[in-house]
Each structure stands twice: as C-alpha cells, then as structure tokens.
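Structure at a glance
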Amino acid sequence: HPVDQERNAREAIAEKHAVKASKSFTESSLTLGASTYIALKQAIKEARVQLTGKNDWLDMDLPMTCQRIHNLCAVSTDALTL
C-alpha cells in the first residue's frame with residue numbers, strides 16, 4: 001500500500017487532540033457514585049439512631065428512591081408536615 005503523507009499528517013494532528021487515558025473518566029464517575037451511596041447509608045443510619053435509638057443492619061437496594069430513603073429512615077407519615 002502506498003504511503004499517503006497528507007493522511008499521516010492529518011492523523012498526527014488529530015492524535016494531538018485525542019483523549020488519552022480515557023479510563024480515568026469512568027473511574028471518577030464510579031468513585032463518585034460509590035461515595036454518594038456510602039454517604040446516603042451513613043445519613044440513613046444516623047437518622048434511624050436518632051428516631052428509633054437502634055443501630056441495626058441496613059439492607060439498601062438500588063436505586064435509592066425517595067420512598068426507599070423515607071422507609072429506611074423509619075420516619076412515620078405522622079411526623080411529616082409541611
């Protein structure tokens with residue numbers, strides 16, 4: 001195959017603008033997602049301790065919807081006011 005110098009020059013320029021080590025983009029999103037989950041778990045545990053006085057095991061399924069968080073915090077509907 002003949003070498004196309006013009007194409008090689010375009011590829012060299014494009015490579016300078018290419019994203020290198022894109023693995024770091026996914027690692028940061030996974031880390032942030034995990035830290036959010038852990039922060040929610042700790043906040044729910046503290047709410048349960050304050051409301052019920054118990055520090056028992058939590059089984060938290062994903063996705064964490066508002067209803068699940070409400071149920072896990074052990075907040076009764078009578079305690080909710082606007």
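Each remark here, short or long, concerns the structure printed above.
Attention here is on the structure that accompanies the text. (Residues numbered from 1 in each chain as written. Predicted model: local features only at pLDDT ≥ 70, side-chain atom pairs only at ≥ 80, totals over all residues. Heavy atoms only, no water.)

Quick word on helix α1 (residues 5-16)
Heads up, the condition is: A run of DSSP states H or I qualifies as a helix once it reaches four residues; a run of E qualifies as a strand once it reaches two. Both are numbered from the N-terminal end. Expected span, for any helix, means 1.5 Å times one less than how many residues it has. In the analysis that follows, any N or O atom pair within 3.5 Å is treated as a polar contact, provided that within protein one partner can donate a hydrogen and the other can accept it, and provided that, for residues neighboring in sequence, both atoms belong to side chains.
Taking 1.5 Å of rise per residue, twelve residues should cover 16 Å, and α1 covers 17 Å from first to last C-alpha, within 8% of that figure. The backbone nitrogen of E6 lies 3.3 Å from a side-chain oxygen of the residue at the head of α1, namely D4.

Overview of the environment of L80
As a reminder of what qualifies: Two residues qualify as a contact provided that any one of their heavy atoms is within 4.5 Å of a heavy atom in the partner residue.
Relative to the elements of secondary structure, L80 occurs in the segment after α3 (66-72). Leaving out residues up to four positions away in the same chain, L80 has contacts with H70 and V75.

Some thoughts on the nonpolar core
Note the cut-off: Nine residue types can take part in a nonpolar core, namely buried Ala, Val, Leu, Ile, Met, Phe, Trp, Tyr and Cys, and a core is a set of them joined through side-chain atoms within 4.5 Å. Any residue under 20% of the maximum accessible area for its type is buried, any over 50% is exposed, and the rest in between are partly exposed; the area is computed with a 1.4 Å probe on protein chains only.
Counting residues in each nonpolar core, the largest one holds seven residues, listed as I44, A47, L58, M60, M64, L72 and C73. Dropping the residues within four chain positions of it, I44 is found in contact with L58, M60, M64, I69, L72 and C73.

What to know about the pattern of salt bridges
What counts, and what does not: What makes a salt bridge here is a side-chain nitrogen of Lys or Arg within 4 Å of a carboxyl oxygen of Asp or Glu, nothing more.
For the coordinates displayed, the defined rule picks out three salt bridges. E6 is the partner of R10 in a salt bridge, and the nearest nitrogen-oxygen pair spans 3.2 Å. Of this pair, R10 and E6 are both found in helix α1, four residues apart, which corresponds to roughly one turn of the helix. Judged by its relative accessible area of 55%, E6 is exposed.

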